[in-house]
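Close look at the chain arrangement
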Amino acid sequence: MTTATTSPTAARVDAARAEGRAALVGYLPVGFPDVETAVAAARTIVEAGVDVVELGLPYSDPVMDGPVIQAAVERALAGGVRVKDTLRTVEAVAATGVPVLVMTYWNPVLRYGVDAFARDLAAAGGAGLITPDLIPDEAGEWLTASDAHGLDRVFLVAPSSTTERLALTARASRGFVYAASTMGVTGVRTSVDAQARRLVEDTRRAGAERVCVGLGVSTPEQAAEVAGYADGVIVGSVLVRALLEAPTPAAGLARLGRVAEGLAAGVRGGAA
Amino acid sequence: MTSPPPGGFAAAAGAGPYFGDFGGRFVPEALIAALDELEAAYEKARHDPEFAAELARLHRTYTGRPSIITEVPRFARHCGNARVLLKREDLNHTGSHKINNVLGQALLTKRIGKTRVIAETGAGQHGVATATAAALFDLECVVYMGEEDTRRQALNVARMRLLGAEVVPVRTGSRTLKDAINEALRDWVTNVATTNYVFGTVAGPHPFPAMVRDFQRIIGEEARAQVLEITGALPDVVAACVGGGSNAIGIFHAFLDDPVRLVGLEAGGEGVATGRHAATITGGAPGVLHGARSYLLQDADGQTIESHSISAGLDYPGVGPEHAWLASTGRVEYRPVTDAAAMEAFLLLSRTEGIIPAIESAHALAGAIELGREAADAGRRDTILVNLSGRGDKDVATAARWFGLLDEGEL
Ligand SMILES: Cc1ncc(COP(=O)(O)O)c(C=O)c1O
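To keep things clear, this report deals only with the structure shown in the data block. Predicted model only: the values in this text are computed from it and were never measured. (Residues numbered from 1 in each chain as written. Chains lettered and ligands numbered in written order. Predicted model: local features only at pLDDT ≥ 70, side-chain atom pairs only at ≥ 80, totals over all residues. Heavy atoms only, no water.)

1. Describing the overall build of chain B
Worth spelling out the cut-off: Where helices and strands are cited, they refer to DSSP runs of H or I of at least four residues and of E of at least two residues respectively, numbered from the N terminus. Radius of gyration here uses only the C-alpha atoms, and the compact-globule reference equals 2.2 Å multiplied by the residue count raised to the power 0.38. Accessible area is worked out with a 1.4 Å probe on protein chains only. A residue is then buried under 20% of its type maximum, exposed over 50%, and partly exposed in between. When checking whether two residues touch, look at their non-hydrogen atoms; a contact exists if any pair is within 4.5 Å. Per-residue and other accessible areas follow the Shrake-Rupley method at a 1.4 Å probe size, with only the shown protein chains counted as cover for residues. Under the counting rule used here, the positive set is Lys and Arg, the negative set is Asp and Glu, and His together with the chain ends is not counted. We put the charge of a Lys on NZ, of an Arg on CZ, of an Asp on CG and of a Glu on CD.
If you tally the helices and strands in chain B, you get 17 helices and 14 strands. Relative to the compact-globule value of 22 Å for 411 residues, chain B shows a C-alpha radius of gyration of 20 Å, a close match. Within the span of chain B, comprising 411 residues, buried residues form 63% of the whole. For chain B, contacts bridging at least 24 residues in sequence account for 74% of all contacts bridging at least 6. Of the accessible surface of chain B, which amounts to about 14000 Å², a share of 52% is contributed by carbon and sulfur atoms. Of the charged side chains in chain B, 39 are positive and 50 negative; the average position of the first set lies 3 Å away from that of the second.

2. Here's the deal with the interface of chain B and chain A
As a reminder of what qualifies: Reported buried area values correspond to the accessible surface (1.4 Å probe) lost by two parts on association, with both partners' losses combined. What counts as a salt bridge is simple: a side-chain nitrogen of Lys or Arg found within 4 Å of a carboxyl oxygen of Asp or Glu.
Contacts between chain B and chain A engage 35 residues on the former and 32 residues on the latter. Overall, the association of chain B and chain A removes approximately 2800 Å² of surface from exposure, summing both partners, and the carbon and sulfur fraction of that is 49%. Its largest share of buried area at the contact with chain A, chain B owes to Glu29(B), Arg186(B) and Asp301(B), together 26% of the area lost on that side. For the pair chain B and chain A, the interface holds three salt bridges. Listed by contribution, the elements that provide at least two residues to the side of chain B that touches chain A are β2 (22–26), α2 (32–46), α9 (177–191), β11 (285–289) and β12 (291–296) of chain B. Broken down by element, the residue count for the side of chain B that touches chain A peaks at eight residues, all from α9(B).

3. What about the site of the ligand?
Residues and elements named next belong to chain B. Under the convention used in this document: Near, as used in this document, describes a residue that has one of its heavy atoms within 4 Å of the molecule or strand being considered. For the purposes of these results, a polar contact is taken to be a pair of N or O atoms within 3.5 Å, where, inside protein, one atom must be able to donate a hydrogen and its partner to accept one; residues adjacent in sequence count only when each atom of the pair is a side-chain atom. Asp, Glu, Lys and Arg are counted as charged, while Ala, Val, Leu, Ile, Met, Phe, Trp, Tyr, Cys and Pro are counted as nonpolar; the rest, among them Gly, fall into the polar class.
The local shell around the ligand holds 18 residues, among which Thr201, Gly243, Gly245, Ser246 and Ser389 are the closest. For the ligand, an oxygen atom lies 2.7 Å from a polar atom in the side chain of Ser246. Side-chain polar atom of Asn247 to an oxygen atom of the ligand: 2.8 Å apart, as the coordinates give it. Surface burial for the ligand is 98%, taken as the share of its 390 Å² of free accessible area covered by protein chains. Elements that contribute at least two residues to the shell around the ligand include exactly β9 (237–242) and α12 (246–252). Taken together, the residues that form the shell around the ligand break down as five nonpolar, 11 polar and two charged.

4. Focus on the pairing of β11(B)
Residue and element names in this part refer to chain B. Applicable threshold: Strands pair, by our definition, only if DSSP identifies at least two bridges between them.
Counting buried residues in β11 gives four out of five residues, a clear majority hidden from the surface. Note that β11 and β12 share five bridges and pair antiparallel. Bridge pairing in β12 places Val288 opposite Arg293. In textbook terms, the turn of a hairpin is the stretch between consecutive antiparallel strands, and for β11 and β12 this stretch comprises one residue, one of which, His290, has a positive phi near 50 degrees.

5. Here's the deal with the packing of helix α2 (residues 35–47) of chain A against helix α4 (residues 83–94) of chain A
All names here are of chain A. Stated formally: Under this scheme, a helix contributes an axis fitted over its contacting stretch, all axes are lines through C-alpha atoms, and angles between N-to-C directions fall in the 0 to 180 degree range. Handedness of each helix crossing follows the sense of rotation of the near helix against the far helix: counterclockwise by less than a right angle gives left-handed, clockwise gives right-handed.
In contact at an axis separation of 10 Å, α2 and α4 are set at 35 degrees when each is read in the N-to-C sense. The two elements α2 and α4 cross, and the hand of that crossing is right-handed. Across the interface between the two elements, Val35, Glu36, Val39, Ala42 and Arg43 of α2 pack against Asp85, Arg88, Thr89, Ala92 and Val93 of α4. The residue makeup of the contact of α2 with α4, split by class, is five nonpolar, one polar and four charged.

6. Structural notes on the sheet that holds strand β8 (residues 195–197) of chain B
By definition, the strands of a sheet pair up through backbone hydrogen bonds, in either a parallel or an antiparallel sense. Residue and element names in this part refer to chain B. With parallel pairing, four strands are arranged side by side in an open sheet as β7-β6-β5-β8. Of all the strands in the sheet, the pair left with one neighbour each is β7 (166–170) and β8. The sheet shows a mean angle of 25 degrees between the axes of neighbouring strands, direction not considered. Taken together, the five bridges between strand β6 (residues 140–146) and β7 define a ladder with parallel strand orientation. Within the sheet, the bridge partner assigned to Val142 lies in β7 and is Glu166.

7. Overview of the nonpolar core
Nonpolar side chains in soluble globular proteins tend to be buried together. Our working definition: Put simply, buried Ala, Val, Leu, Ile, Met, Phe, Trp, Tyr and Cys residues joined by side-chain atoms within 4.5 Å make one nonpolar core.
Core analysis: the biggest nonpolar cluster contains 157 residues, and Trp142(A) and Val233(A) have the highest contact counts within it. Beyond its immediate stretch of four places on either side in the chain, Trp142(A) contacts Trp106(A), Val114(A), Ala118(A), Leu129(A), Thr131(A), Leu134(A), Leu151(A), Asp152(A), Arg153(A) and Phe155(A). The next biggest cluster of nonpolar side chains, apart from the first, holds 36 residues, and it includes Ala82(B), Phe346(B), Ile369(B) and Leu388(B).

8. A short note on the packing of helix α5 (residues 98–112) of chain B against helix α10 (residues 208–216) of chain B
Axis angle and axis distance: for two packed helices, these are the angle between their axes and the distance between the axes, and together they describe the pair. Residues and elements named next belong to chain B. α10 packs onto α5 with a crossing angle of 115 degrees between their chain directions and a minimal axis gap of 8 Å. In this structure, the crossing between α5 and α10 has a hand that is right-handed. Of α10, the residues touching α5 (which contributes Lys98, Asn100, Asn101, Gly104, Gln105 and Leu108) are Phe208, Met211, Val212, Phe215 and Gln216. In terms of residue class, the contact of α5 with α10 is made up of five nonpolar, five polar and one charged.

9. Focus: the sheet that holds β11(B)
Sheet architecture is open: four strands sit in the order β1-β2-β12-β11 (chain B), paired in antiparallel fashion. The open sheet is flanked by β1 (18–19) and β11 of chain B, the only strands paired with a single partner.

10. Notes on the side chain of Asn156(B)
Residues and elements named next belong to chain B. With respect to the helices and strands, the residue Asn156 is situated in helix α8 (residues 154–162). Since its relative accessible area comes to 0%, Asn156 is described here as buried. What Asn156 contacts, discounting residues up to four positions off in sequence, is Ala123, Gly124, Gln125, Val128 and Lys394.

11. Concerning the packing of aromatic side chains
Residues and elements named next belong to chain B. What counts, and what does not: Aromatic rings from Phe, Tyr and Trp, with only the six-membered ring used for Trp, were paired whenever their centres fell within 6.5 Å, and each pair was classed as stacked if the ring planes differed by under 30 degrees, edge-to-face if by over 60, and tilted otherwise.
Under the criterion given, the structure shown has 12 aromatic pairs over all chains. Judged by centre distance (5.9 Å) and plane angle (35 degrees), the rings of Phe22 and Tyr295 are tilted. Separated by 273 residues along the polypeptide, Phe22 in strand β2 and Tyr295 in strand β12 bring together distant segments of the chain. Judged by relative accessible area, which is 19%, Tyr295 ranks as buried. Aromatic side chains Phe51 and Phe215 sit 6.4 Å apart centroid to centroid with 40 degrees between the ring planes, which places their arrangement in the tilted category.

Quick look at the structure:
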């Protein structure tokens, strides 16, 4: 993994570490419930204390996502959201000053053109990509493009990853390595799998400088627990649910703010 | 056609993970260990005479192999008087070619020591075959099926449940095969420690395209020898329908390095120009879906476009990567067949030969009609081998609606 100076995301994670805490990474899908509200939602979680924003590019076949994010993304697509809306949203959210990563399945990037997407993402102020269905073995074009445009590339590791694959993924990643806490898809879970801690340790031993944990983290207590051993805590479904279940966009933003504040307190060791 | 690769097409196709620019593994990291495990088990099995003997025994005593060849002269009169031979995969146990693949994968599941299998299904034929093998091998079985397809193919839902499988209707996205695959992949990511994914076609991440092809290759190996024996020569043309592409690759492979024309018939739905079709190679573009780089139906943003076909088994916006490669080399031609042309062929085979084909296979029959007539126009009488991939029992309700075969009170 390359050094913090070339990666805005790594710099942010390191800044949190300097405060003696883990970073909070918050996921929201672009265009849900509509493009403007999604931008407001991202600003809301930044104000609440999220350190890095992860914007999901809505995709028709999200195989790594559970029911909550699937429902939100389906609604975004039904509302007519396009790839260029993701770039616009990145630009608006990057203006808050936090690193903005785009979480995207691979085909939309392929279709856009890998280098063209990297160029336009960088121009919009984006920090890089999280790629749930792209493993480093298949990522040649993206490795080249992300180097050319100075973007972070966050690959995933899972409890099933072998030591060799942990090392391969750690080497290929820039920003941080995304450790999937459990074998499964995104969703709200009542507990964070104990194997997450071991995966973080193994991934560090394999050479990763920064490891953030995602999948199923939903409460301030869980965030505090994961913050105890990881460099960052990634939350998604619980944020999306706040928007999904609210009767109006305004009520959704208010609820989202409260949920994000709770999680931000969690990573600061101040779980309610 | 570009000139054949040194050593021929069959050798160049190889064991994956890539077929030219196509194939690979575009899946979550969490699945890589399972795919590696499956690949290793398959590699071992592939070179193990005991595995081959066990599969051959099952095919002889359970599937009913070798499947026969039937010459269909009355049907052939409508094909420009071509000579038409059908490879009768419809006579296999469970009624289609899907069992060839499923028995191989079920044996592998046992070897890996997993106790649960999952599958996706469109027409229900792969689901029925998987449920059948699960009953035979005492495996727990869950089949994902788009809600839309559970309605179109209700008979097969009941068959799967009779066989002891759990059928899960999938209500996301377009509620068809593509969404059933998404849901099966989510299940697999979650339950991979106990579960093997018995994939139904030559699409998906490596090793599925190569492995499923190898299990289906028996169709072409048998048919090549049978046609040589019956006619004293190789066929001029081999025709097969292409959904994901397993029955087509299965019959094509034995002929890849022969001077034989190979034609894959895609589901043209209401016509490729209408946008309501499932002709992935004819009307799609390269991209990634369900774990492999291949052709797919997609919009300008790379979102998958819903496919349309009267045939649930062909109603899929993707296609196996080896077909994408064979198309790019020009070795295999791909053509669309409309719903209407397929249904006409469906009725014609039923009326002229007393064989009710699957609507999927009727696309290949419609291709034979077209190819035979083109040959006649050019002054030739071709021998056309058609892969009759399945039987039409499951499609009787659809046909009754299409042709208005039942009166109000009989519906
Ligand atoms: C009888 C029959 N033929 C063909 C197909 C299409 O699959 P493939 O293209 O993999 O052969 C199906 C799929 O359900 C089928 O049931």
